[in-house]
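Okay, here's what each chain looks like letter by letter:
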Amino acid sequence: MSARRFDELVSDALDTIPAELTARMDNVVVLVEKRHPEEPELLGLYEGVALTERTHEYGGHLPDRITVYRDAVLEFCSDSDEVVDEVAITVVHEIAHHFGIDEERLHELGWG
């Protein structure tokens, strides 16, 4: 799968997030990179201060980062349909972290 097509899948996954949720996302950017340098099998990563942890002192921070790792996802999946599904799952999973939902709860909800 081309890098451009993969980027489109990430964009499509973002488009499926309800508008009332995306409107509440604050100071966050979604990126695609080839692979995490220290954990090459990692599919996605949220780095930042979750909305539930921000206080009145939050300000002047660089944007939180949601990164989807293209090569890891492509390696994890066996066909293009699986890639579409996994990209959507990964995007939702990492956005959930932005909203303060932890790994345990995501697994309970089926987004682990």
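Just so we're clear, the structure is a prediction, and the values are computed from it rather than from any experiment.

A.B. asks: Hey, could you run me through the sheet that holds strand 1 (residues 28-33) in this one?
C.D. replies: What holds strands together in a sheet is hydrogen bonding between their backbones, with the strands either parallel or antiparallel. The strand order 1-3-2 describes an open sheet built from 3 strands, whose pairing is mixed. Among the strands making up the open sheet, the edge pair consists of strand 1 and strand 2 (44-47). In this sheet, adjacent strand axes meet at a mean angle of 15° when their direction is disregarded. Here strand 2 runs beside strand 3 (residues 64-69); their pairing, made up of 4 bridges, is antiparallel. Looking at the pairing, Leu45 lines up with Thr67 of strand 3. Packed on one face of the sheet, helix 1 (residues 3-15) meets strand 1 and strand 3 and runs near 150° to strand 1. Of the strands in this sheet, strand 1, strand 2 and strand 3 are in contact with helix 4 (residues 80-98), which crosses strand 2 at around 15°.

A.B. asks: Whenever I open this one, the pattern of salt bridges confuses me. Can you help?
C.D. replies: When the charged atoms of two side chains with opposite charge come close together, those side chains can pair. What the rule picks out here adds up to 7 salt bridges. One salt bridge connects Arg65 with Glu47, and the closest N-O pair in it is separated by 3.6 Å. In this pair, Arg65 is assigned in strand 3 and Glu47 in strand 2, connecting sequence segments 18 residues apart. Residue classification places Arg65 among the partly exposed positions, given a relative accessible area of 31%. Taken together, the salt bridges that share partners define one network made up of Arg4, Arg5 and Glu8.

A.B. asks: Please explain the packing of helix 1 against helix 4 as it appears in this structure.
C.D. replies: Angle between the axes and distance between the axes are the two parameters that describe a pair of packed helices. The interhelical angle for the contact between helix 1 and helix 4, taken along N-to-C directions, is 55°, at an axis separation of 9 Å. One element, helix 1, and the other, helix 4, form an angle in the oblique class. In the packing of helix 1 onto helix 4, the handedness of the crossing is right-handed. Each of Phe6, Leu9, Val10, Ala13 and Leu14 in helix 1 lies in contact with helix 4, whose residues at this interface are Val83, Val84, Val87, Ala88, Val91 and Ile95. Class assignment of the residues belonging to the contact of helix 1 with helix 4 gives a composition of 11 nonpolar, no polar and no charged.

A.B. asks: Is there a simple way to explain the confidence of the model for the chain in this structure?
C.D. replies: One rule of thumb: low pLDDT means the predicted coordinates there are not for detailed reading. The pLDDT averaged across the chain works out to 90; a share of 99% of its residues lies at or above 70. Here helix 5 (residues 103-108) stands out as the least confident element of the chain, with mean pLDDT 83; helix 3 (residues 70-76) is the most confident, with 97.

Reading guide: rules and limits
- Residues numbered from 1 in each chain as written.
- Predicted model: local features only at pLDDT ≥ 70, side-chain atom pairs only at ≥ 80, totals over all residues.
- Heavy atoms only, no water.
- Pairing = 2+ DSSP bridges.
- Helix = DSSP H or I, 4+ residues; strand = E, 2+ residues; numbered from the N terminus.
- Axes fitted to C-alpha atoms, helices over the stretch in contact; angles between N-to-C directions.
- Contact = heavy atoms within 4.5 Å.
- Salt bridge = Lys/Arg side-chain N within 4 Å of Asp/Glu carboxyl O.
- Buried < 20%, exposed > 50% of the residue type's maximum accessible area, 1.4 Å probe, protein only.
- Parallel < 35°, antiparallel > 145°, perpendicular 65-115°, else oblique.
- Left-handed = near helix turned anticlockwise from the far one by under 90°.
- Nonpolar A, V, L, I, M, F, W, Y, C, P; charged D, E, K, R; others polar.
- pLDDT = per-residue confidence, 0-100.

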